Amino acid sequence: MELTPQEIQLFRHNGFIKFPTQLSTDHVAALKAAALKDMAEVVEPVARQDGRIIRISAVWERGGIFRETITCDEILNPLESLLGSDIEFVLNRHNHIYLRDAGSSHSLALHRDVRHWSRTIATVLIYLEETNLENGCTRVVPGSHHLPAFANLQDDALQEIAASQAIPLPMPAGGLLAIDSMIIHSAGINHTDGTRMSMTLGYHSADELTWEDNPRRVLVRGERPYRGNDKPTEY
Ligand SMILES: O=C(O)CCC(=O)C(=O)O
């Protein structure tokens, strides 16, 4: 399903859009089971906090249901409305699944995923469990991807402004949220006894000026047409 011109405009204006598509209940169950299995069997690379595994990384490299999810139509069809028909998946940003509980402190501070608007990525957050105000749904500062003043989020005054303007985005299990990774955002604190599992994936439009294949990008839709003006042309 494609996005409407209004949805595309909202993404450009606000820096985020809830995709009209969702992963099916069966898809979510299979993905969650595969992630929990890799955590139980400690399939590296994993990240720990206080001895507990809170993240599995390099999910593309794990293949199977992880790779099927990264390339599924529910994500790539609406993404094509934002990025065009030639889409690369980024291996070295995100590419992971988080299991957050009450003790988790990762990504709680408001941040940007990338440093500059000229190199931003479209990040898709996939919720494998319902997220709400209690278990720490994602928070965003709408429109903040346009603000150069927020480049240095270490500054206390800027953190305070961002925190006072952040809004929570509750999402259902299987829900898909796309953000411009320049938007200021964070995970919320999980105040429950349960977990809150989500997968984070980064995508780019294929770079028309890059000649060589970048080993840290995988083409997941379309092609990589080179359009540099040093290309031999016939008039
Ligand atoms: O899971 C979330 O709600 C946000 C994740 C996040 O901020 C990140 O991965 O950069």
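Details of the structure are given in the entry above.
This write-up is about the structure you can find in this document. All values reported here derive from a predicted model rather than from experimental measurement.

Parameters and conventions
- Once a new chain begins, its residue numbering starts again from 1 and follows that chain's sequence as written.
- Given that the model is predicted, a residue must reach a pLDDT of at least 70 before its local features are reported, and side-chain atom pairs must reach 80 or more before they are shown or counted; all residues, however, enter totals for whole chains, interfaces and linings.
- Excluding hydrogens and water, the side-chain values take into account all heavy atoms of the structure.
- Secondary structure elements are taken from DSSP: a helix is a run of H or I of four residues or more, a strand is a run of E of two residues or more, and numbering for both begins at the N terminus.
- Only protein chains enter the accessibility calculation, which uses a 1.4 Å probe; a residue is then buried when its area is under 20% of its type maximum, exposed when over 50%, and partly exposed in between.
- Contacts are assigned to residue pairs with any non-hydrogen atoms lying within 4.5 Å of each other.
- Here, proximity means that at least one heavy atom of the residue falls within 4 Å of the molecule or strand.
- N or O atoms closer than or at 3.5 Å make up a polar contact, with two conditions inside protein: a donor-capable atom paired with an acceptor-capable one, and, for residues adjacent in sequence, both atoms drawn from side chains.
- We place a 1 Å grid over just the protein atoms. Points where a 1.4 Å probe fits but has no way out form a cavity, open points with protein on both sides within 12 Å along at least 5 of 7 lines form a pocket, and any residue with an atom within 4 Å of a point lines it.
- A molecule is said to be in a cavity or pocket once over half of its atoms fall within 2 Å of that pocket's grid points.
- Think of it as three bins: nonpolar holds Ala, Val, Leu, Ile, Met, Phe, Trp, Tyr, Cys and Pro, charged holds Asp, Glu, Lys and Arg, and polar takes everything else, Gly as well.
- What we call a nonpolar core is a set of buried Ala, Val, Leu, Ile, Met, Phe, Trp, Tyr and Cys residues that are connected through their side-chain atoms within 4.5 Å.

## A word on the environment of alanine 102
Inspection of the secondary structure assignment puts alanine 102 in the loop between β5 (96-100) and β6 (122-127). Under the relative-accessibility criterion, alanine 102 is labelled partly exposed at 47%. In this structure alanine 102 touches Asn190 and Thr192, once residues within four positions along its chain are discounted.

## Overview of the site of the ligand
Taken together, the residues surrounding the ligand are His94, Arg100, Ser107, His111, Asp113, Leu125, Thr138, His185, Ala187, Arg196, Ser198 and Thr200. A distance of 3.0 Å is found between an oxygen atom of the ligand and a side-chain nitrogen or oxygen belonging to arginine 100. Among the cavities detected, the one that contains the ligand is the second largest pocket. Considering every element that reaches the shell around the ligand, the biggest residue donor is strand β11 (residues 196-205), with three residues. Its residues assigned to classes, the shell around the ligand comprises two nonpolar, seven polar and three charged.

## Some details on the environment of threonine 195
With respect to the secondary-structure elements, threonine 195 resides in the loop between β10 (185-186) and β11. Between the alpha carbons of threonine 195 and isoleucine 70 there is a distance of 22 Å; along the sequence they are 125 residues apart. The residues contacting threonine 195, other than those within four sequence positions of it, are Leu99, Arg100, Glu129, Asn135 and Asn190. A polar side-chain atom of threonine 195 sits 2.9 Å from a polar atom in the side chain of glutamate 129.

## A word on the nonpolar core
One finds Ile75, Leu79, Ile97 and Tyr203 to be the most contacted residues of the largest nonpolar core, which totals 41 residues. In contact with isoleucine 75, not counting residues within four places along its chain, are Phe19, Thr69, Val124, Ile126, Leu176, Leu201 and Tyr203. Residues Phe16, Tyr127, Met171 and Ile179 belong to the second largest nonpolar core, which totals nine residues.

## Brief notes about unusual backbone geometry
With an omega of 0°, the peptide bond between glutamate 44 and proline 45 qualifies as cis. Within the secondary structure, proline 45 sits in the loop between α2 (25-40) and β2 (46-49). Residues other than glycine seldom take positive phi values, yet valine 42 does so here, at roughly 50°. Along the polypeptide, valine 42 turns up in the loop between α2 and β2. Residue class for valine 42 comes out partly exposed when judged on its relative accessible area of 34%. A positive phi angle is found at alanine 58, which is not glycine, with a value near 50°. Relative to the elements of secondary structure, alanine 58 occurs in the loop between β3 (52-56) and α3 (64-70). We classify alanine 58 as buried; its relative accessible area is 17%.

Purely geometric numbers; function is a separate question.
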